[in-house]
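# Results of the structural survey
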Amino acid sequence: MNDVLVGIILATLGAGTPLVFAALGELITEKSGVLNLGVEGMMLVGAVCGFAVAADTGSLWLGVVTAMTAGAFMALLFGVLTLTFQANQVAAGLALTIFGVGLSAYIGLEYTSVALTGLQAVHIPLLSSMPLIGPTIFSLDPLMYLSFVLLAAISYFLYRSKAGLLLRAIGESPRSAHSIGYPVIRIRYLAVLFGGGMAGLGGAYLALVYTPLWVEGMTAGRGWISLALVVFATWRPARVILGAYLFGGVTILQLHVQGLGIDLPAQLLSSLPYIATIVVLVLISRDINTIRLNSPASIGKTFHPGA
Amino acid sequence: MMTTNRMFLIAFTVSLLAACGQKDAAEPDASDAGDASRLKVGFVYVTPISDAGWTHQHDLGRLQMEETLGDQVETKYIESVPEGAEAERVIRQFAADGFDLVFTTSFGYMNPTMKVAEMFPDTTFEHATGYKSAANVGTYVARFYEGRYLSGIVAGKMTKSNVAGYVAAFPIPEVLRGINAFTLGMRSVNPDAEVKVIWTNSWFDPGREREAADVLITQGADIVTHHTDSTAAVQAAEEKGVYAIGYHSDMSRYGETAHLTAVTHHWGDFYTRRAQEVLDGSWSSQNVWGGIKEGMIRLAPLNDAVPADVAALVAEKEAAIRSGDLHPFSGPISNQDGEELVAPGTTMSDEDLQKMEWYVEGVQGKLPR
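Rules behind the numbers
- Residues numbered from 1 in each chain as written.
- Chains lettered and ligands numbered in written order.
- Predicted model: local features only at pLDDT ≥ 70, side-chain atom pairs only at ≥ 80, totals over all residues.
- Helix = DSSP H or I, 4+ residues; strand = E, 2+ residues; numbered from the N terminus.
- Buried ≥ 20, exposed ≤ 12 C-beta atoms within 10 Å, placed from the backbone.
- Contact = placed C-beta atoms within 7 Å.
- Nonpolar A, V, L, I, M, F, W, Y, C, P; charged D, E, K, R; others polar.
- Pairing = 2+ DSSP bridges.
- Axes fitted to C-alpha atoms, helices over the stretch in contact; angles between N-to-C directions.
- Domains from an automatic or database assignment.
- Parallel < 35°, antiparallel > 145°, perpendicular 65-115°, else oblique.
- Left-handed = near helix turned anticlockwise from the far one by under 90°.
- Right-handed = clockwise from strand over helix to strand, strands pointing away.
- Core = buried A, V, L, I, M, F, W, Y, C linked by C-beta atoms within 7 Å.

This paragraph deals with the overall build of chain B. On a plain count of helices and strands, chain B comes out with 11 helices and 14 strands. When burial is assessed residue by residue, chain B has 49% of its 369 residues classed as buried.

As structure tokens, then:
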């Protein structure tokens with residue numbers, strides 16, 4: 001039984017981690033007032049570039065760094081369009097996803113046949129031999145540890161640092177921030193690039209750890225789920241994480257239920273992760289004041305510093 | 001200023017779409033070097049060709065046909081064609097471009113194929129896995145279940161936990177035939193064996209397939225097989241140190257120690273024969289359902305871990321299926337409730353096989369409806 005429980009917890013963390021990365025990145029982007037719908041495209045390009053570099057050089061870590069760079073590069077395209085040329089963010093984000101799907105397929109042509117050994121779990125000495133919490137907390141893969149660190153860092157940044165306050169201020173009222181001399185566009189660029197890097201990292205997790213392979217369209221909608229998580233979690237990092245693991249956990253549980261032969265329609269079970277995540281996040285965030293307080297007021301609106 | 005930006009965005013988006021569209025145009029296009037005497041053969045693929053899987057096997061068939069018939073044919077393919085309206089456009093384009101024979105290789109191309117075939121009565125169409133035909137539309141599909149039965153024998157002999165895991169896409173007759181044949185094969189050599197099934201409700205989602213395989217292994221399966229399009233289940237087995245049986249293509253490179261064998265599809269002989277018939281003018285609409293005997297289904301080379309006596313048994317059963325002495329769905333066969341659905345000495349008809357909507361004894365869990 002213990003083995004099954006450990007299996008469920010590990011699988012939940014694994015299923016949730018790519019969503020954690022992509023959603024936290026998008027959270028920062030949106031907090032600055034920019035809505036980037038290109039997460040799916042950035043994840044795919046990150047996944048394929050990371051996989052290609054890891055396959056060619058044999059270095060998984062170089063692959064991870066490349067994935068983040070590639071994701072950030074995609075975000076840079078988006079930034080140039082929406083921040084410098086002030087194009088419509090929704091249209092540009094959708095274009096970025098379409099572009100990312102095609103570009104990743106093209107880059108990945110040579111790599112669909114490659115098999116790779118993914119990043120292995122790190123067993124922390126002594127602690128990892130404890131029952132239950134040993135295998136589920138102290139022997140995870142390094143990117144999972146990184147996701148915990150990033151959650152802490154992002155929460156601290158947003159709510160405890162001056163820079164985070166500035167980012168939120170720009171998301172609330174870019175005009176005010178601009179009028180007291182803050183470089184709104186430059187800071188939004190940084191937020192957009194960070195979001196792209198994190199989406200790339202989410203892609204890298206899929207291609208280098210979770211299912212160490214590259215196939216066209218392998219993210220299978222996880223970018224869109226990350227986007228939805230940010231909204232349903234009312235732009236709070238801890239709730240984003242909760243949503244991601246909840247989604248992962250229900251996905252895994254419904255598979256276990258099927259494996260145990262419990263008589264429920266598989267189609268209903270497959271839709272459970274979506275329903276459960278939305279219901280829980282909507283319930284804990286149903287206070288209209290919290291939503292108003294946390295949603296960036298200027299989201300999706302272009303800002304013209306000169307006007 | 002705003003107008004310029006809008007223009008820029010529109011130009012950018014249009015160029016993106018154009019770049020996406022060019023992928024089709026960039027395919028090897030033999031038709032440019034058109035030669036009226038040659039048979040022009042078109043292929044419509046539902047996914048990228050990639051290196052393993054359903055479409056990969058169809059493309060191997062196309063290449064074999066090209067090699068065998070040489071100068072008599074020229075081929076062209078379009079990959080990643082979504083099922084539905086887009087498919088109809090692609091199929092019509094083939095017909096309008098003067099292609100003589102078009103293979104449409106996915107179930108969802110059935111209605112588009114029928115529609116275009118009506119408009120182009122002089123073009124010959126072959127649709128894979130469908131059930132509608134016409135004077136110029138033939139259908140073809142393989143008896144995948146024959147290979148499943150043989151791979152089940154391997155699984156039954158190699159399992160220690162007596163539990164096999166099956167990652168399956170959708171509960172349709174084709175998939176159920178595979179699950180049932182695999183279970184029957186397994187239990188023919190190991191009466192205690194059981195098969196656990198997890199439905200992913202998607203033909204292609206490597207992440208979900210991986211999760212399903214992990215769950216099956218956690219729940220005690222020491223052999224995993226799949227009826228989905230990626231190699232994720234085989235890779236999961238390799239990582240967890242259990243065995244796997246691939247599908248569509250030989251997937252041994254994705255799990256050198258785990259991969260026992262795979263049920264592989266081979267369309268080359270069929271494609272060559274049908275193209276030859278169109279060349280000779282002897283083609284007629286048929287519903288082809290070929291199996292091991294016709295060379296459409298084979299097992300990939302067995303892993304070295306499979307003992308010689310098991311390999312000999314599999315070879316013997318394969319020969320028996322080829323000669324017609326053995327049919328995987330010969331009675332007695334009971335359903336999960338122990339009700340005997342196929343009496344001893346009888347064999348299920350093709351019609352019944354095509355409508356299969358139940359689990360045989362030995363499959364765990366209830367069939368989703």
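Attention now goes to the interface of chain A and chain B. Contact with chain A, which involves 41 residues of that partner, is made by 37 residues of chain B. Counting residues per element, the side of chain A that touches chain B draws most heavily on helix 4 (residues 89–107) of chain A, which supplies 7 residues. When the residues that make up the side of chain A that touches chain B are grouped by side-chain class, the tally is 24 nonpolar, 14 polar and 3 charged.

Residues and elements named next belong to chain B. Ordered by their spatial adjacency, 6 strands build an open sheet running 2-1-3-4-5-11, and the pairing between neighbours is parallel. Only two strands of the sheet have a single neighbouring strand rather than two, namely strand 2 (73–78) and strand 11 (287–290). The sheet shows a mean angle of 20° between the axes of neighbouring strands, direction not considered. Here helix 4 (residues 110–119) sits on the sheet and contacts strand 3 (101–104), strand 4 (124–128) and strand 5 (137–142); the angle it forms with strand 4, its principal contact strand, is near 170°.

What follows is about the domain arrangement of chain B. Residues and elements named next belong to chain B. When its domains are assigned, chain B resolves into domain 1 (30–142) and domain 2 (144–264 + 298–354). Relative to domain 2, the C-alpha centre of domain 1 lies at a distance of 30 Å. Domain 1 puts 7 residues into the contact, and the matching count from domain 2 is 8 residues. The residue inventory of the side of domain 1 that touches domain 2, partitioned by class, reads 3 nonpolar, 4 polar and no charged.

So, about the packing of helix 2 (residues 39–57) of chain A against helix 4 of chain A. All names here are of chain A. One can describe the packing of helix 2 onto helix 4 by two numbers: an axis separation of 7 Å at closest approach and a directional angle of 20°. On the basis of their axis angle, the class for helix 2 and helix 4 is roughly parallel. The handedness of the crossing between helix 2 and helix 4 is left-handed. In contact with Glu 40, Gly 41, Met 42, Leu 44, Val 45, Ala 47, Val 48, Cys 49 and Ala 52 of helix 2, helix 4 contributes Leu 96, Thr 97, Phe 99, Gly 100, Val 101, Leu 103, Ser 104 and Ile 107. Across the contact of helix 2 with helix 4, the residue classes tally to 12 nonpolar, 4 polar and 1 charged.

Turning to unusual backbone geometry, a few remarks are in order. Looking along the chain, the bond that leaves Gly 331 of chain B and enters Pro 332 of chain B is cis, with omega of 0°. Locating Pro 332 of chain B in the fold gives a position in the loop between helix 10 (308–323) and strand 13 (333–334). The phi angle at Trp 235 of chain A is positive, at roughly 60°, despite the residue not being glycine. The residue Trp 235 of chain A is located in the loop between helix 10 (222–232) and helix 11 (237–259) in this model. Take Trp 235 of chain A: there are 25 C-beta atoms within 10 Å of it, and that puts it in the buried class.

Attention now goes to the sheet that holds strand 9 (residues 243–248) of chain B. All names here are of chain B. Read across the sheet, 6 strands follow the order 7-6-8-9-10-12 without closing on themselves; strand pairing throughout is mixed. For this open sheet the edge positions go to strand 7 (194–199) and strand 12 (297–299), each flanked by a neighbour on one side alone. Within the sheet, the average angular offset between the axes of one strand and its neighbour, ignoring direction, is 15°. Of the pairings in the sheet, the one linking strand 6 (residues 163–168) to strand 7 comprises 6 bridges and is parallel in character. Its bridge partner being in strand 7, Gly 165 is matched across the sheet by Lys 196.

Further remarks concern the pairing of strand 3 of chain B. Residues and elements named next belong to chain B. In strand 3, alternate side chains face the same way, and those of Leu 101 and Phe 103 on one face and Val 102 and Thr 104 on the other are all buried. Sheet topology places strand 1 (residues 39–44) next to strand 3; 4 bridges connect them, and they run parallel. The partner of Gly 42 across the bridge, within strand 3, is Val 102. The sheet contact formed by strand 3 and strand 4 spans 4 bridges and is parallel. Along strand 4, the bridge assignment pairs Phe 103 with Glu 126. Read as a crossover between parallel neighbours, the route from strand 3 over helix 4 to strand 4 is right-handed.

Before going further, it helps to spend a moment on helix 10 of chain A. Because an α-helix packs 3.6 residues into every turn, residues spaced three or four apart end up facing the same way. Residue and element names in this part refer to chain A. By the burial criterion, the buried members of helix 10 are Arg 222, Gly 223, Ile 225, Ser 226, Leu 227, Leu 229 and Val 230. The inward-facing, buried residues of helix 10 abut helix 1 (2–31), helix 2, helix 9 (184–210) and helix 11. Downstream of helix 10 by one or two residues, Thr 234 has phi in the positive range, about 45°.

Another aspect to go through is the nonpolar core. Ranked by internal contacts, the top residues of the largest apolar core, which has 186 residues, are Ala 47 of chain A together with Val 224 of chain B. For this core, the element with the most residues is helix 9 of chain A, which contributes 16 residues. Per-domain counts for this core show at least three residues from each of domain 1 (30–142) and domain 2 (144–264 + 298–354) of chain B. With residues near it in sequence (within four places) discarded, Val 224 of chain B still touches Gly 165, Val 167, Ala 213, Leu 216, Ile 217, Ala 233, Ala 236, Ala 237, Val 242 and Ala 244 of chain B.

Attention now moves to the packing of helix 10 of chain A against helix 11 of chain A. All names here are of chain A. As a packed pair, helix 10 and helix 11 sit with axes 9 Å apart at the nearest point and diverge in direction by 130°. Classified by the angle between their axes, helix 10 and helix 11 sit oblique to one another. Crossing hand, helix 10 versus helix 11: right-handed. In contact with Ile 225, Leu 229, Val 230 and Phe 232 of helix 10, helix 11 contributes Val 240, Gly 243, Ala 244 and Phe 247. Tallied by class, the residues present in the contact of helix 10 with helix 11 amount to 7 nonpolar, 1 polar and no charged.

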